[in-house]
Amino acid sequence: MRPPSTPRTMASRIRSIFSGSVGNLVEWYDWYVYSAFSLYFAPAFFPKGNLTAQLLNSAAIFAVGFLMRPLGGWLMGIYADRAGRKAALLASVLLMCGGSLLIALTPSYSQIGVAAPALLVLARLLQGLSVGGEYGTSATYLSEMADARHRGFFSSFQYVTLIAGQLLALLVQLALQQLLTPAELAAWGWRIPFGIGAAAALVALYLRRTMEETDAFQQEAAQPSAPKASQLRILLQHPREVLTVIGLTLGGTVVFYTFTTYVQKFLVNTTGFSKGQATLVSFGALGVAMLLQPLLGALSDRVGRRPVLLFFGIGATLLTVPLLTALARAQGLGEAFGLLLLAMLVISGYTSINAVVKAELFPTEIRALGVGLPYALTVAVFGGSAEYLALLAKDYGVEHWFYWYVTACAAVSLLVYWRMADTRATSRIRE
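If you check an unreviewed UniProt entry, the protein chain appears there as MFS transporter from Hymenobacter metallilatus. In the Subcellular location (unreviewed entry) part of its UniProt record, the protein chain is described as follows: "Cell membrane".

Enquirer: I'm lost on helix α15 (residues 305-328) in this one. Help?
Expert: Given 3.6 residues per helical turn, the α-helix brings residues three or four places apart onto the same face. With 24 residues, α15 extends 33 Å from end C-alpha to end C-alpha; this agrees with the ideal 34 Å at 1.5 Å per step. The principal kink in α15, of about 50°, is found at Leu319, preceding the proline Pro322 by one to four residues.

Enquirer: Got a minute to help me understand the layout of surface pockets in this structure?
Expert: Over the atoms, a rolled probe matching the size of one water molecule traces out where space is still vacant. By volume, the largest pocket amounts to about 390 Å³. In terms of lining, the largest pocket is formed by 15 residues, of which the most central are Arg240, Glu241, Thr244, Met420 and Ala421. Broken down by secondary-structure element, the contributors of at least two residues to the lining of the largest pocket are α13 (239-271), α19 (399-419) and α20 (423-426). Here the lining of the largest pocket takes five residues from α13, the largest share from any one element. Here the residues of the lining of the largest pocket are counted per class, giving seven nonpolar, three polar and five charged.

Enquirer: Mind showing me how you'd approach empty space enclosed by the protein here?
Expert: Under the defined criterion, the tally for this structure stands at two cavities of 30 Å³ or more. In this structure, the largest cavity encloses a volume near 90 Å³. Taken together, Tyr32, Ser35, Ala36, Gln166, Ala169, Leu170, Thr260, Thr261, Gln264 and Leu286 make up the full set of residues lining the largest cavity. Elements represented by at least two residues in the lining of the largest cavity include exactly α1 (10-45), α8 (157-179) and α13. Residue composition of the lining of the largest cavity, by class: five nonpolar, five polar and no charged. Estimates place the volume of the second largest cavity at around 50 Å³. Along the walls of the second largest cavity sit Val255, Phe259, Gly315, Ala316, Leu319, Thr320, Leu323, Ala343, Val346 and Ile347, which together make up its complete lining. Among the secondary structure elements, those contributing two or more residues to the lining of the second largest cavity are α13, α15 and α16 (333-351).

Enquirer: How should I be thinking about a nonpolar patch on the surface in this particular structure?
Expert: A cluster of nonpolar residues, Leu71, Trp74, Leu75, Leu232 and Leu236, forms a patch on the protein surface that exposes about 430 Å² of accessible area. Looking at the nonpolar patch, the element that brings in the most residues is helix α3 (residues 69-83), giving three residues. Residue Leu75 is classed as partly exposed on the basis of its relative accessible area, which comes to 41%.

Enquirer: How should the packing of α1 against α8 be read in this particular structure?
Expert: Between two packed helices, both the angle of their axes relative to each other and the distance between the axes serve to describe the pair. Put simply, α1 and α8 touch, their axes get as near as 7 Å, and they point 40° apart. Here α1 is positioned oblique relative to α8, judged by the angle of their axes. Between α1 and α8 lies a crossing whose hand is right-handed. Taken together, the residues of the contact of α1 with α8 break down into 16 nonpolar, eight polar and no charged.

Enquirer: Explain the nonpolar core here, please?
Expert: As a rule of thumb, nonpolar side chains are buried together in soluble globular proteins. The biggest cluster of nonpolar side chains holds 105 residues, and the ones touching the most others in it are Phe37 and Trp190. Broken down by element, the residue count for this core peaks at 14 residues, all from α13. Every residue in contact with Trp190, bar those within four places of it in the chain, is listed here: Phe37, Tyr40, Phe41, Ala44, Phe45, Ile103, Thr106 and Leu185. If you look at the next biggest cluster of nonpolar residues, it comprises eight residues, including Tyr141, Met145, Ala146 and Phe154.

What counts, and where the lines are drawn
- Residues numbered from 1 in each chain as written.
- Predicted model: local features only at pLDDT ≥ 70, side-chain atom pairs only at ≥ 80, totals over all residues.
- Heavy atoms only, no water.
- UniProt positions renumbered as here; feature names shortened; annotations may be inferred.
- Helix = DSSP H or I, 4+ residues; strand = E, 2+ residues; numbered from the N terminus.
- Expected span 1.5 Å × (residues − 1).
- Bend = angle between axes of the 7 residues up to and from the residue.
- 1 Å grid on protein atoms, 1.4 Å probe; cavity = no way out; pocket = protein on both sides within 12 Å on 5 of 7 lines; lining within 4 Å.
- Points joined across faces, edges and corners; volume = space filled by probe spheres on them.
- Nonpolar A, V, L, I, M, F, W, Y, C, P; charged D, E, K, R; others polar.
- Patch = residues over 30% accessible without salt bridge, like charges linked within 9 Å, V, L, I, M, F, W, Y side chains within 5 Å.
- Areas by Shrake-Rupley, 256 points an atom, 1.4 Å probe, with all protein chains shown as cover.
- Salt bridge = Lys/Arg side-chain N within 4 Å of Asp/Glu carboxyl O.
- Buried < 20%, exposed > 50% of the residue type's maximum accessible area, 1.4 Å probe, protein only.
- Axes fitted to C-alpha atoms, helices over the stretch in contact; angles between N-to-C directions.
- Parallel < 35°, antiparallel > 145°, perpendicular 65-115°, else oblique.
- Left-handed = near helix turned anticlockwise from the far one by under 90°.
- Core = buried A, V, L, I, M, F, W, Y, C linked by side-chain atoms within 4.5 Å.
- Contact = heavy atoms within 4.5 Å.

Below, the structure is given as structure tokens:
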């Protein structure tokens, strides 16, 4: 282990950030491949019915996975703050591997009955635990590994790799749509991406073993040990910071999941595109969004975090209803792509810097827990339920109500951005 007193070179920082980011990519690929392929595997796990009903069932299990994320944020946050960021990141990717492998191997409802959806729930619980721990630890690791001048830029790679995971899931879907018939995809082809995810997680596990621990954690660990209160109790001594994370996340997560995860089903179920067309439009928009992350992250290093967050808050509050209304009526792929592109530009004001903003709020000894737990709680309640609420509103014939719900969530976060201090100037991350 490199002594924290030895200056870290930029090359060393980049190598560690790359190793951590590749693991993050694989984690999020495994998480999102569920949503990308639910159009195909929903009939395999649930009794026959109309498409919306089957999607509601798969969306409910998607939401169940989110319910485990607070537990993951709590357990992995404590583990990362005690044993190190590297150890927690290794544990999270191992859990994700197990969940993906279980989905790939689970027989269908026609073969084992109710045990099939039960095993699907178990797999999503494992993945939820993994992702819940991944976010806070990864945000902490990238923020602590970066130097102060480029912290926004390097931390933005959390969402570069998160979006890359989504893109990889969609790319696998596009490839399988070309190589297999719809009947083959529905029968067995949907298992392939989960098998790929399990194998890739093992590669990520190997890469993460080469990461260096952050200086901030090593310095904290080197302090003379003294009896301390539990980390959860220490976290509760920072109520303003915890509430800020919740407020930061609420609008961002609902808008993000609406325009990245749910939108593919929206384009099929509401706009009327084919599954292949919906995948193609989503893939293109997400590709541009991935490129926007480091640009806005670097901008925050110059102008501050708060102006970039305000850009998102104002844009999401004013544009969500018009964008979703126009997207529902889109006549061609070009029109749908342009609308999604505008949505991605707005969303990037949140995604590019939300990790570093949260990390800069907390002291080293509870940073991973402080970032991960309130974030995971908020995402579990609001992000995990977004797709289900959207489908439920459609099922009841009041889909436009969901548009206003997303707008209201964005407006709440806008109020938080308006009142908060700029964390770039008040950062608690040690150099």
